[in-house]
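These are the residues of each chain, in order.
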Amino acid sequence: MFKPIVLASLLLTAAAQAADTGAYAGLALHRPTIELDAGPVDVNWNLSSFSVLGGYQFHQNFALEGRIAVGANDDKVGVQGNSLTVGIDRSYALFAKASYPVADGMALYGLAGYDYTKFNADAVVDGEIENADSSENGLAYGVGFQYDVNDKLTVALEYLVRPDIEDEELKASNRGFGLTASFKF
């Protein structure tokens, strides 16, 4: 009688541990601002992107996370005959995520990793449209605050800095706030 109870307990414990894999997936909405320092004038494009994210929590304080994003809107700066419209076409990122619990179900976290972003850009100069698409890749990092709604659902507010947009003539920063929601498997 005692052996079947011990065996059943061991099987239930193993099944429970296998079900709690550390894997998670979710969605994010980000509102990055592209800021161009054009001498005496600062120019800003306010964009939006939607991301699908997935990761694995190896430890209470460490996870690896991947994200794939698409742009949700473009923004235009300028007047009818001379303008620049910028938008995010797509973005891919891989982050190491370190978190520090500050209270029950709440944590601060930092992200650091690699990001590739392709931008759509159309310049109108004297009424002529020119395609000025570009892409940037490199170090991306950020900080955030997450809250566990329950054992499976986590929501977070974060601030991400992605690689600057650079060429011979200009440099623009790419950073902004985002909201994420993730589901633990």
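Please refer to the structure placed before this passage.
All figures in this text were calculated on a predicted structure; none of them were measured in a lab. (Residues numbered from 1 in each chain as written. Predicted model: local features only at pLDDT ≥ 70, side-chain atom pairs only at ≥ 80, totals over all residues. Heavy atoms only, no water.)

A. Focus on a nonpolar patch on the surface. A contiguous nonpolar patch, built from Y100, V102, M106, L108, F145, Y147, V149, L153 and V155 and spanning about 750 Å² of accessible area, is present on the exposed surface. When residues of the nonpolar patch are traced back to their parent elements, those giving at least two are β5 (82-103), β6 (106-125), β8 (134-148) and β9 (153-166). With respect to the secondary-structure elements, L153 resides in strand β9. Looking at L153, the relative accessible area reads 31%, which means it is partly exposed. (Patch = residues over 30% accessible without salt bridge, like charges linked within 9 Å, V, L, I, M, F, W, Y side chains within 5 Å. Areas by Shrake-Rupley, 256 points an atom, 1.4 Å probe, with all protein chains shown as cover. Salt bridge = Lys/Arg side-chain N within 4 Å of Asp/Glu carboxyl O. Helix = DSSP H or I, 4+ residues; strand = E, 2+ residues; numbered from the N terminus. Buried < 20%, exposed > 50% of the residue type's maximum accessible area, 1.4 Å probe, protein only.)

B. Region of the structure containing unusual backbone geometry. At D126, a residue that is not glycine, the phi angle is positive and equals roughly 50 degrees. Counting through the fold element by element, D126 comes out in the loop between β6 and β7 (128-131). Assessed through its relative accessible area of 65%, D126 is described here as exposed.

C. Structural view of the pairing of β9. Where β8 meets β9, eight bridges bridge the pair, whose relative direction is antiparallel. Residue Y141 lies in a different strand from β9, and its bridge partner there is V161. In this structure, the hairpin formed by β8 and β9 is closed by a connection of four residues. Relative to strand β10 (residues 171-184), β9 is paired through 12 bridges, and the arrangement is antiparallel. When the bridges of β10 are listed, V161 appears paired with R175. (Pairing = 2+ DSSP bridges.)

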